[in-house]
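# Observations on chain architecture
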Amino acid sequence: MNAINMEHHFLTAFSRGFISAFEGQYAIPGGFIGEDQSLENAALRELYEETGVRNVFLEQLYTFGDPKRDPRGRVITVAYYALIASDKYSLVAGADAAEAHWYADVDLPPLAFDHRSIFDYALERLRNKLEYTTVGFPLLPAKFTQGELQAVYEATLGRRLDKRNFRRKLALLGILKPPREWQRTGHKPAQLFRFAAGRFEKLKDRGILFPF
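Read on for a plain summary of the structure. (Residues numbered from 1 in each chain as written. Predicted model: local features only at pLDDT ≥ 70, side-chain atom pairs only at ≥ 80, totals over all residues. Heavy atoms only, no water.)

Now for helix H2 (residues 115-129). Between its first and last C-alpha atoms H2 spans 21 Å; for 15 residues at 1.5 Å apiece the expected length is 21 Å, and the two agree. Residues of H2 that are buried include every one of His115, Ile118, Phe119, Ala122, Leu123, Leu126 and Lys129, and no others. Viewed end-on, H2 has its buried residues packed into an arc of 135 degrees, placing them on one side of the element. (Helix = DSSP H or I, 4+ residues; strand = E, 2+ residues; numbered from the N terminus. Expected span 1.5 Å × (residues − 1). Buried < 20%, exposed > 50% of the residue type's maximum accessible area, 1.4 Å probe, protein only. Arc of directions from axis to C-beta.)

Before going further, it helps to examine the pattern of salt bridges. As enumerated under the stated definition, the model contains eight salt bridges in all. For Glu46, the salt bridge goes to Arg45, with nearest N and O atoms at 3.0 Å. For Arg160, the salt bridge identified is with Glu154, shortest N-O distance 3.4 Å. Look at Arg160 and you get exposed, because its relative accessible area is 58%. Here the salt bridges do not stand alone but share partners, grouping Arg45, Glu46 and Glu49 into one network. (Salt bridge = Lys/Arg side-chain N within 4 Å of Asp/Glu carboxyl O.)

As structure tokens, then:
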């Protein structure tokens, strides 16, 4: 994980397929559900077949059903999304995908169908979830610096955050606990922290949000 360039923290996997109406364009990995499959199992299967990614937690995003969204006919899509660290997964194209690549959210290629709208909807959902869930923490190691945590928030929100204000809010919330260890990369050591899940849940139950 690169703690300096925030664009490297939020990347998206796209595969290039063979659908004639969108030849040469990338698309979000996906396909048709089997008669004996659940929605989630179908999503996991398609993700693995087209990118080689497996054993990840998926969350249902939204159902997209505009009658003209697919030139082949009426197709209703139930979209899922997952948040994973791109440096831990190497993409391998397969099935009906010719290529599979990671792309920064600020530098997306043209996408087939209405997949840009699906991506934008997922990003907006993710940004909203930062206020009341731990959605950003799966991108971090068990022990992390405040700079790494801020980089995840900045990459997700798409904007810079004031360092002093960010750390002041973290201190007030009390959701980080220091294991008395330091990261000794670079010229100045940085203190490492762990996420205090119990403290987070108590604050959430009291309706306290995390507006960064």
